[in-house]
Amino acid sequence: MNLLKAPLQKTLVGVLALFLICVCPTVAHAQTPAAPDVTEGRKLPLREQLNLGLKTTTKADKEFIDKVVLKVEQGVLPRPLVDSTFLWARERANARSASRSLRPIVYFRPALIARAKKMNLQF
């Protein structure tokens, strides 16, 4: 019974964190200069997070991730957009693949391109 609750709790925590990042951006901007940076709590750089979490294996996958990271660093792609698509792709791959053979990158790539296009962002 406890095994079923753990993934649900992790998902709820992730959704709550994402909600706070996306819906309440004023909280991050209201910090005093002495307050810790929002990114300080992140364990991995974006490139590693995406490569590991999306299970990239091909050269094309890694080139796409490099392009995404570059666009985030340039300010073209908002980090919350990438993070929410990342979480969605991981959940989708987990739910859709009984054998876990599908990698989350197969969902992430087209979803991120579509979402960026919908927001009129150059990708």
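Each remark here, short or long, concerns the structure printed above.
As the structure is a prediction and not an experimental result, all values here were calculated from the model.

**Looking at the nonpolar core**
Inference 1: With 19 residues, the main nonpolar core has L50, V68, V82 and F108 as its most contacted residues.
Inference 2: Elements represented by at least two residues in this core include exactly α3 (46-53), α4 (59-74), α5 (79-96) and α6 (105-118).
Inference 3: Sequence-distant contacts of L50, defined by excluding residues within four places in its chain, comprise K55, T56, I65, V68, V69, V82, F86 and F108.

**Quick notes on the pattern of salt bridges**
Inference 1: Summed over all chains, the structure comprises three salt bridges.
Inference 2: Among the ionic pairs, R103 bridges to D61, the shortest N-O distance being 2.7 Å. Here R103, found in the loop between α5 and α6, pairs with D61, found in helix α4; they are 42 residues apart in sequence, far enough to count as distant.
Inference 3: The salt bridge involving D83 is made with R79; its shortest N-O contact spans 3.1 Å. Here the residue D83 and the residue R79 both occupy positions in helix α5, the gap between them amounting to four residues, near one helical turn.

**Section: the packing of α3 against α4**
Inference 1: At a closest axis distance of 10 Å, the pairing of α3 and α4 adopts a crossing angle of 145°. α4 is crossed by α3, and the crossing has right-handed handedness. Across the interface between the two elements, L46, R47, L50 and N51 from α3 touch K62, I65, D66, V68, V69 and V72 from α4.
Inference 2: Here the residues of the contact of α3 with α4 sort into six nonpolar, one polar and three charged.

Rules behind the numbers
Residues numbered from 1 in each chain as written. Predicted model: local features only at pLDDT ≥ 70, side-chain atom pairs only at ≥ 80, totals over all residues. Heavy atoms only, no water. Core = buried A, V, L, I, M, F, W, Y, C linked by side-chain atoms within 4.5 Å. Buried < 20%, exposed > 50% of the residue type's maximum accessible area, 1.4 Å probe, protein only. Helix = DSSP H or I, 4+ residues; strand = E, 2+ residues; numbered from the N terminus. Contact = heavy atoms within 4.5 Å. Salt bridge = Lys/Arg side-chain N within 4 Å of Asp/Glu carboxyl O. Axes fitted to C-alpha atoms, helices over the stretch in contact; angles between N-to-C directions. Left-handed = near helix turned anticlockwise from the far one by under 90°. Nonpolar A, V, L, I, M, F, W, Y, C, P; charged D, E, K, R; others polar.

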